[in-house]
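Descriptive structure summary
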Amino acid sequence: MVHDRMPTEPAFAGIPTFLKLPYVQTLEALQAETPDAVVLGAPIDMGTTNRPGARFGPRAIRAASNLGRSIRHLGLEVEPLRVLRVFDYGDASVLPQDLQRSHEAVRAKVEEVVRLGAVPLVLGGDHSITLPSAQAVAAVLGQGNVGVVHFDAHADTASDDWGSPISHGTPMRRLIESGAVRGSNFVQVGLRGYWPPADVFDWMGEQGMRWHTMYEIDERGFDAVLDTAIAEALEGPSAVYLSVDVDVLDPAYAPATGTPEPGGLTARELLRAVRKVALATHLVGLDIVEVAPPYDGPGAITAEVAHRVVLEVLSALAVKKLARSEA
Ligand code: MN
Ligand code: MN
(Lines give C-alpha, C1' and ligand atoms only; values in the text may rest on other atoms or scores of the structure.)
(Ligands and ions follow the chains in the order given, each with its own letter.)
Protein backbone atom coordinates (compact mmCIF):
# COMPACT_ATOMS: atom_id res chain seq x y z
CA MET A 1 0.00 0.00 0.00
CA VAL A 2 1.75 3.14 -1.20
CA HIS A 3 0.37 6.64 -1.12
CA ASP A 4 1.01 8.03 -4.62
CA ARG A 5 0.61 11.61 -3.41
CA MET A 6 3.45 11.71 -0.89
CA PRO A 7 5.45 14.95 -0.52
CA THR A 8 7.92 15.47 -3.34
CA GLU A 9 10.16 18.18 -1.93
CA PRO A 10 11.92 18.90 1.36
CA ALA A 11 9.91 20.57 4.12
CA PHE A 12 11.78 23.86 3.84
CA ALA A 13 11.14 24.29 0.09
CA GLY A 14 8.08 25.64 -1.62
CA ILE A 15 4.67 26.43 -0.12
CA PRO A 16 4.28 25.15 3.46
CA THR A 17 1.27 22.87 3.44
CA PHE A 18 1.05 20.50 6.39
CA LEU A 19 3.91 17.99 6.00
CA LYS A 20 4.26 19.19 2.39
CA LEU A 21 1.15 17.19 1.55
CA PRO A 22 -0.80 18.11 -1.59
CA TYR A 23 -3.03 21.14 -1.20
CA VAL A 24 -6.53 20.30 -2.38
CA GLN A 25 -8.69 23.36 -3.00
CA THR A 26 -12.15 22.08 -3.84
CA LEU A 27 -14.52 19.50 -2.43
CA GLU A 28 -14.72 17.82 -5.83
CA ALA A 29 -10.95 17.41 -5.97
CA LEU A 30 -10.85 16.17 -2.38
CA GLN A 31 -13.55 13.61 -3.09
CA ALA A 32 -11.59 12.34 -6.09
CA GLU A 33 -8.59 11.72 -3.83
CA THR A 34 -10.57 9.35 -1.53
CA PRO A 35 -8.80 10.68 1.56
CA ASP A 36 -8.39 8.85 4.87
CA ALA A 37 -7.55 12.01 6.80
CA VAL A 38 -7.70 15.70 5.95
CA VAL A 39 -5.83 18.59 7.55
CA LEU A 40 -7.64 21.92 7.60
CA GLY A 41 -7.14 25.21 9.38
CA ALA A 42 -9.50 27.33 11.46
CA PRO A 43 -7.56 30.62 11.76
CA ILE A 44 -9.77 32.31 14.32
CA ASP A 45 -8.92 34.13 17.56
CA MET A 46 -11.99 36.31 17.98
CA GLY A 47 -13.07 34.04 20.84
CA THR A 48 -9.99 34.79 22.93
CA THR A 49 -10.24 36.32 26.42
CA ASN A 50 -6.60 37.07 27.17
CA ARG A 51 -3.72 37.05 24.67
CA PRO A 52 -4.87 36.93 21.01
CA GLY A 53 -2.81 35.45 18.17
CA ALA A 54 -4.23 31.96 17.56
CA ARG A 55 -5.44 33.08 14.11
CA PHE A 56 -1.81 32.56 13.10
CA GLY A 57 -1.82 29.02 14.53
CA PRO A 58 -2.59 27.02 11.38
CA ARG A 59 0.13 28.80 9.42
CA ALA A 60 2.70 28.24 12.20
CA ILE A 61 1.78 24.59 12.66
CA ARG A 62 2.11 23.98 8.93
CA ALA A 63 5.46 25.78 8.88
CA ALA A 64 6.66 23.60 11.76
CA SER A 65 6.83 20.62 9.41
CA ASN A 66 10.52 19.81 9.25
CA LEU A 67 10.41 16.22 8.04
CA GLY A 68 11.20 14.67 4.71
CA ARG A 69 8.98 12.40 2.66
CA SER A 70 9.77 9.10 4.33
CA ILE A 71 8.56 9.61 7.86
CA ARG A 72 8.35 6.58 10.11
CA HIS A 73 7.05 6.59 13.67
CA LEU A 74 9.81 4.86 15.62
CA GLY A 75 7.49 3.76 18.40
CA LEU A 76 4.62 2.50 16.29
CA GLU A 77 6.88 1.29 13.48
CA VAL A 78 4.63 2.67 10.79
CA GLU A 79 5.04 5.07 7.86
CA PRO A 80 1.79 7.01 8.07
CA LEU A 81 2.06 8.69 4.67
CA ARG A 82 2.61 5.36 2.93
CA VAL A 83 -0.47 3.89 4.55
CA LEU A 84 -2.93 6.79 4.66
CA ARG A 85 -4.15 9.15 1.99
CA VAL A 86 -3.75 12.53 3.70
CA PHE A 87 -4.33 15.96 2.18
CA ASP A 88 -4.21 19.60 3.19
CA TYR A 89 -7.60 21.16 2.47
CA GLY A 90 -6.51 24.69 3.31
CA ASP A 91 -8.36 26.89 5.79
CA ALA A 92 -12.01 27.58 6.49
CA SER A 93 -13.13 30.84 4.86
CA VAL A 94 -13.13 32.92 8.01
CA LEU A 95 -14.30 36.51 8.26
CA PRO A 96 -12.35 38.79 10.59
CA GLN A 97 -14.60 40.36 13.26
CA ASP A 98 -17.43 37.90 12.64
CA LEU A 99 -17.03 34.91 14.93
CA GLN A 100 -20.43 33.41 14.14
CA ARG A 101 -19.99 33.37 10.37
CA SER A 102 -16.41 32.17 10.77
CA HIS A 103 -17.73 29.28 12.86
CA GLU A 104 -20.20 28.48 10.09
CA ALA A 105 -17.29 28.26 7.66
CA VAL A 106 -15.47 25.83 9.98
CA ARG A 107 -18.63 23.77 10.44
CA ALA A 108 -19.19 23.50 6.67
CA LYS A 109 -15.61 22.50 5.90
CA VAL A 110 -15.37 19.90 8.67
CA GLU A 111 -18.72 18.44 7.66
CA GLU A 112 -17.53 18.06 4.06
CA VAL A 113 -14.56 16.02 5.28
CA VAL A 114 -16.60 13.79 7.58
CA ARG A 115 -19.17 13.11 4.83
CA LEU A 116 -16.31 11.78 2.69
CA GLY A 117 -15.60 9.24 5.43
CA ALA A 118 -12.29 10.91 6.30
CA VAL A 119 -10.98 12.06 9.67
CA PRO A 120 -10.77 15.86 9.99
CA LEU A 121 -7.58 17.11 11.65
CA VAL A 122 -8.36 20.72 12.51
CA LEU A 123 -5.61 23.25 13.24
CA GLY A 124 -6.86 26.11 15.43
CA GLY A 125 -7.53 28.78 16.12
CA ASP A 126 -8.81 29.47 19.59
CA HIS A 127 -10.85 26.84 21.40
CA SER A 128 -14.18 28.30 20.28
CA ILE A 129 -13.67 26.39 17.01
CA THR A 130 -14.35 23.07 18.76
CA LEU A 131 -18.02 24.08 18.87
CA PRO A 132 -18.60 24.07 15.09
CA SER A 133 -16.03 21.33 14.48
CA ALA A 134 -17.44 18.76 16.92
CA GLN A 135 -21.00 19.74 15.97
CA ALA A 136 -20.16 19.00 12.34
CA VAL A 137 -18.88 15.55 13.28
CA ALA A 138 -22.02 14.86 15.33
CA ALA A 139 -24.22 16.15 12.51
CA VAL A 140 -22.90 13.38 10.27
CA LEU A 141 -22.36 10.56 12.77
CA GLY A 142 -25.38 11.28 14.94
CA GLN A 143 -26.15 13.52 17.92
CA GLY A 144 -24.82 11.86 21.06
CA ASN A 145 -23.03 9.14 19.10
CA VAL A 146 -19.57 10.60 19.64
CA GLY A 147 -17.73 10.98 22.95
CA VAL A 148 -15.22 13.76 23.50
CA VAL A 149 -11.83 13.49 25.16
CA HIS A 150 -10.69 17.04 25.93
CA PHE A 151 -7.14 17.84 27.05
CA ASP A 152 -6.97 21.31 28.57
CA ALA A 153 -5.92 23.29 31.62
CA HIS A 154 -9.39 24.85 31.50
CA ALA A 155 -12.91 23.41 31.43
CA ASP A 156 -14.23 25.87 28.80
CA THR A 157 -17.75 25.34 30.15
CA ALA A 158 -18.68 28.85 31.29
CA SER A 159 -22.25 30.02 30.65
CA ASP A 160 -20.77 33.13 29.05
CA ASP A 161 -17.45 34.93 28.72
CA TRP A 162 -17.80 38.59 29.64
CA GLY A 163 -21.40 38.35 28.46
CA SER A 164 -20.65 36.54 25.19
CA PRO A 165 -22.22 33.10 24.76
CA ILE A 166 -19.70 32.13 22.06
CA SER A 167 -16.02 32.35 23.01
CA HIS A 168 -13.11 30.10 23.88
CA GLY A 169 -14.41 29.91 27.46
CA THR A 170 -17.79 28.40 26.57
CA PRO A 171 -17.61 25.89 23.66
CA MET A 172 -17.97 22.72 25.73
CA ARG A 173 -21.13 24.05 27.40
CA ARG A 174 -22.67 24.96 24.05
CA LEU A 175 -21.74 21.53 22.64
CA ILE A 176 -23.57 19.75 25.44
CA GLU A 177 -26.56 22.13 25.40
CA SER A 178 -26.93 21.61 21.64
CA GLY A 179 -27.20 17.85 22.12
CA ALA A 180 -24.21 17.18 19.88
CA VAL A 181 -22.34 15.44 22.72
CA ARG A 182 -23.86 13.93 25.87
CA GLY A 183 -22.52 15.40 29.09
CA SER A 184 -21.74 11.92 30.40
CA ASN A 185 -19.45 11.27 27.42
CA PHE A 186 -17.63 14.57 27.71
CA VAL A 187 -14.38 13.88 29.52
CA GLN A 188 -11.78 16.47 30.44
CA VAL A 189 -8.15 15.78 31.32
CA GLY A 190 -5.50 18.12 32.71
CA LEU A 191 -7.61 20.78 34.45
CA ARG A 192 -5.71 22.91 36.95
CA GLY A 193 -5.19 26.42 38.19
CA TYR A 194 -7.88 28.87 39.24
CA TRP A 195 -10.78 28.68 36.80
CA PRO A 196 -13.70 28.06 36.43
CA PRO A 197 -15.60 28.90 39.66
CA ALA A 198 -17.53 26.33 41.69
CA ASP A 199 -20.93 27.08 40.12
CA VAL A 200 -19.57 26.07 36.74
CA PHE A 201 -18.35 22.76 38.17
CA ASP A 202 -21.83 22.34 39.66
CA TRP A 203 -23.32 22.70 36.17
CA MET A 204 -20.78 20.22 34.80
CA GLY A 205 -21.72 17.73 37.50
CA GLU A 206 -25.41 18.15 36.67
CA GLN A 207 -24.63 17.23 33.06
CA GLY A 208 -22.83 14.08 34.16
CA MET A 209 -19.55 15.40 32.81
CA ARG A 210 -16.36 13.77 34.06
CA TRP A 211 -13.12 15.68 34.57
CA HIS A 212 -9.65 14.63 35.65
CA THR A 213 -7.40 17.28 37.14
CA MET A 214 -3.61 17.45 37.11
CA TYR A 215 -3.87 16.80 40.84
CA GLU A 216 -5.61 13.48 40.14
CA ILE A 217 -2.94 12.68 37.54
CA ASP A 218 -0.28 13.35 40.20
CA GLU A 219 -2.07 11.05 42.66
CA ARG A 220 -3.20 8.15 40.43
CA GLY A 221 -0.70 8.31 37.59
CA PHE A 222 -1.43 9.34 34.02
CA ASP A 223 -2.01 5.87 32.59
CA ALA A 224 -4.73 5.03 35.11
CA VAL A 225 -6.44 8.38 34.52
CA LEU A 226 -6.29 7.95 30.74
CA ASP A 227 -7.80 4.48 30.92
CA THR A 228 -10.67 5.88 32.98
CA ALA A 229 -11.17 8.84 30.64
CA ILE A 230 -11.29 6.67 27.52
CA ALA A 231 -13.79 4.30 29.13
CA GLU A 232 -16.01 7.20 30.22
CA ALA A 233 -16.04 8.76 26.75
CA LEU A 234 -17.12 5.42 25.29
CA GLU A 235 -19.98 4.64 27.71
CA GLY A 236 -22.52 4.47 24.90
CA PRO A 237 -20.81 6.05 21.90
CA SER A 238 -18.53 3.95 19.72
CA ALA A 239 -16.42 6.88 18.46
CA VAL A 240 -14.30 9.65 19.95
CA TYR A 241 -13.54 13.24 19.00
CA LEU A 242 -10.26 14.42 20.50
CA SER A 243 -9.79 18.09 21.36
CA VAL A 244 -6.32 19.20 22.44
CA ASP A 245 -5.82 22.67 23.90
CA VAL A 246 -2.07 23.17 23.77
CA ASP A 247 -2.25 24.87 27.19
CA VAL A 248 -2.73 21.44 28.77
CA LEU A 249 1.05 21.42 28.40
CA ASP A 250 3.20 23.20 30.92
CA PRO A 251 4.16 26.64 29.54
CA ALA A 252 7.74 25.37 29.50
CA TYR A 253 6.69 23.19 26.55
CA ALA A 254 4.07 25.51 25.06
CA PRO A 255 4.68 29.16 25.89
CA ALA A 256 2.82 30.42 22.82
CA THR A 257 -0.75 30.20 23.97
CA GLY A 258 -3.47 32.61 25.03
CA THR A 259 -3.93 31.49 28.63
CA PRO A 260 -0.82 29.70 29.94
CA GLU A 261 -1.19 27.77 33.19
CA PRO A 262 1.96 26.48 34.95
CA GLY A 263 2.05 22.94 36.27
CA GLY A 264 0.96 21.08 33.14
CA LEU A 265 1.91 18.01 31.15
CA THR A 266 5.25 17.51 29.48
CA ALA A 267 5.37 17.23 25.70
CA ARG A 268 6.35 13.58 26.14
CA GLU A 269 3.28 12.89 28.29
CA LEU A 270 0.90 14.62 25.89
CA LEU A 271 2.20 12.89 22.77
CA ARG A 272 1.95 9.54 24.51
CA ALA A 273 -1.58 10.31 25.68
CA VAL A 274 -2.73 11.38 22.22
CA ARG A 275 -1.25 8.20 20.77
CA LYS A 276 -3.04 6.13 23.38
CA VAL A 277 -6.43 7.73 22.76
CA ALA A 278 -6.05 7.46 18.99
CA LEU A 279 -5.02 3.80 19.18
CA ALA A 280 -7.61 2.75 21.76
CA THR A 281 -10.68 4.37 20.21
CA HIS A 282 -12.44 4.79 16.89
CA LEU A 283 -11.17 8.35 16.40
CA VAL A 284 -13.40 10.43 14.14
CA GLY A 285 -11.95 13.92 14.60
CA LEU A 286 -9.12 15.92 16.11
CA ASP A 287 -8.54 19.55 16.85
CA ILE A 288 -5.35 21.11 18.19
CA VAL A 289 -6.05 24.64 19.35
CA GLU A 290 -4.79 27.74 21.14
CA VAL A 291 -1.37 27.92 19.47
CA ALA A 292 -0.67 31.68 19.43
CA PRO A 293 2.64 32.01 17.54
CA PRO A 294 3.40 35.65 18.48
CA TYR A 295 4.38 34.41 21.96
CA ASP A 296 6.54 31.53 20.75
CA GLY A 297 10.30 31.55 21.16
CA PRO A 298 12.68 31.46 18.22
CA GLY A 299 12.54 27.66 18.27
CA ALA A 300 8.75 27.79 17.72
CA ILE A 301 8.44 24.94 20.20
CA THR A 302 4.69 25.36 20.67
CA ALA A 303 4.02 25.03 16.95
CA GLU A 304 6.41 22.07 16.84
CA VAL A 305 4.61 20.12 19.55
CA ALA A 306 1.21 20.96 18.04
CA HIS A 307 2.47 19.62 14.72
CA ARG A 308 3.57 16.42 16.40
CA VAL A 309 0.19 15.97 18.08
CA VAL A 310 -1.27 15.67 14.58
CA LEU A 311 1.51 13.27 13.55
CA GLU A 312 0.81 11.02 16.54
CA VAL A 313 -2.81 10.78 15.43
CA LEU A 314 -1.84 10.11 11.81
CA SER A 315 0.55 7.38 12.91
CA ALA A 316 -2.09 5.74 15.10
CA LEU A 317 -4.65 5.92 12.29
CA ALA A 318 -2.11 4.25 9.99
CA VAL A 319 -1.54 1.42 12.47
CA LYS A 320 -5.28 0.81 12.65
CA LYS A 321 -5.74 0.91 8.86
CA LEU A 322 -2.97 -1.64 8.44
CA ALA A 323 -4.57 -3.88 11.06
CA ARG A 324 -7.92 -3.67 9.23
CA SER A 325 -6.37 -4.51 5.88
CA GLU A 326 -4.58 -7.50 7.37
CA ALA A 327 -7.65 -8.78 9.18
MN1 MN B 1 -9.45 25.44 25.92
MN1 MN C 1 -7.05 26.15 27.98
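Each remark here, short or long, concerns the structure printed above.
Quick summary incoming for the structure in this document. Since the model is a prediction, treat every value here as computed from it, not as a measurement. (Residues numbered from 1 in each chain as written. Chains lettered and ligands numbered in written order. Predicted model: local features only at pLDDT ≥ 70, side-chain atom pairs only at ≥ 80, totals over all residues. Heavy atoms only, no water.)

Re unusual backbone geometry
Gly124 connects to Gly125 through a cis peptide bond whose omega is 15°. Along the chain, the position of Gly125 falls in the loop between β3 (119-124) and α5 (130-141). In this chain, Trp195 is followed by Pro196 through a cis amide linkage whose omega measures 5°. For Pro196, the location among the structural elements is in the loop between β5 (186-191) and α7 (198-206). Within the chain, Gln97 stands out as a residue other than glycine whose phi angle is a positive 70°. As for its placement among the helices and strands, Gln97 is situated in the loop between β2 (86-91) and α4 (99-115). On the basis of relative accessible area, Gln97 is assigned to the exposed category, the value being 77%. Notably, Ala300 is not glycine yet its phi reads approximately 50°, a positive angle. Tracing the backbone shows Ala300 in the loop between β8 (282-289) and α11 (301-326). (Helix = DSSP H or I, 4+ residues; strand = E, 2+ residues; numbered from the N terminus. Buried < 20%, exposed > 50% of the residue type's maximum accessible area, 1.4 Å probe, protein only.)

Here's the deal with the side chain of Thr170
Looking at the element boundaries, Thr170 is found in the loop between β4 (146-151) and α6 (171-177). Look at Thr170 and you get buried, because its relative accessible area is 1%. From its side chain, Thr170 meets the backbone nitrogen of Ser167 in a polar contact 3.1 Å long. What Thr170 contacts, discounting residues up to four positions off in sequence, is Asp156, Ala158, Ser159, Asp160, Asp161, Ser164 and Pro165. (Polar contact = N/O pair within 3.5 Å; in protein donor to acceptor, adjacent residues only side chain to side chain. Contact = heavy atoms within 4.5 Å.)

Details of the coordination of the manganese ion (ligand 1)
Distances from the manganese ion (ligand 1) to its protein donors, His127 (ND1), Asp152 (OD), Asp156 (OD) and Asp245 (OD), fall within 2.1 to 2.2 Å. Linear spacing of the donor residues for the manganese ion (ligand 1) on their chain is H-x24-D-x3-D-x88-D. (Donors = N, O, S within 2.8 Å, 3.2 Å for Na, K, Ca; no water.)

Describing the pairing of β5
Judged by how many residues are buried, β5 sits mostly within the fold: 6 of 6 residues are covered. Where β4 and β5 come together, 4 bridges link them in parallel fashion. Counterpart to Val148 in the pairing with β5 is Phe186. Where the polypeptide runs from β4 across α6 and back to β5, its parallel neighbour, the crossover connection is right-handed. Here β5 pairs with strand β6 (residues 210-213) via 4 bridges, running parallel. Following the sheet pairing, Val189 is matched in β6 by His212. At this point the chain moves from β5, through α7, to the parallel β6, and the crossover so formed is right-handed. (Pairing = 2+ DSSP bridges. Right-handed = clockwise from strand over helix to strand, strands pointing away.)

Focus: the packing of aromatic side chains
Where two aromatic rings form a pair, the distance of their centres and the angle of their planes describe that pair. The full count for this structure, using the stated rule, is 1 aromatic pair. Lying over the aromatic face of Tyr295, Arg51 brings its terminal NZ or CZ to 4.2 Å of the ring centre. Of note, Lys109 hangs over the ring of Tyr89, and the distance from its end group to the ring centre comes to 3.7 Å. (Phe/Tyr/Trp six-rings, centres within 6.5 Å; stacked < 30°, edge-to-face > 60°. Lys NZ or Arg CZ within 6 Å of the ring centre and 35° of its normal.)

Some remarks on the pattern of salt bridges
Tallied over the full model, the rule gives 18 salt bridges. Of the charged contacts in the structure, one is a salt bridge between Asp88 and Arg62, with a shortest N-O distance of 2.7 Å. Taken together, the residues span a long stretch of sequence, with Asp88 in strand β2 and Arg62 in helix α2 (residues 57-63) at a distance of 26 residues. Per residue, the accessibility class of Asp88 equals that of Arg62, and both read buried. With its nearest N and O atoms 2.8 Å apart, the salt bridge here joins Glu111 to Arg115. Taken together, the positions of Glu111 and Arg115, both in helix α4 and 4 residues apart, correspond to about one turn of that helix. Salt bridges sharing partners connect three or more residues here, namely Asp223, Asp227, Arg272 and Lys276. (Salt bridge = Lys/Arg side-chain N within 4 Å of Asp/Glu carboxyl O.)

Re the nonpolar core
In terms of nonpolar packing, the biggest core is built from 58 residues, with Phe151, Leu242 and Leu314 touching the most fellow members. Among the elements that take part in this core, α11 stands out by supplying 10 residues, more than any other. Phe87, Ala92, Val200 and Ala239 belong to the second largest nonpolar core, which has 41 residues in total. (Core = buried A, V, L, I, M, F, W, Y, C linked by side-chain atoms within 4.5 Å.)

Points about α4
Compared with an ideal rise of 1.5 Å per residue, which puts 17 residues at 24 Å, α4 spans 24 Å between its outermost C-alpha atoms and is within 8% of the ideal. Within the sequence span of α4, burial applies to Leu99, Ser102, His103, Ala105, Val106, Lys109, Val110, Glu111, Val113 and Val114. Its buried side turned inward, α4 meets α1 (27-32), β1 (37-42), β2, β3 and α5. Positioned one or two residues after α4, Gly117 has a phi angle of 80°, which is positive. (Expected span 1.5 Å × (residues − 1).)

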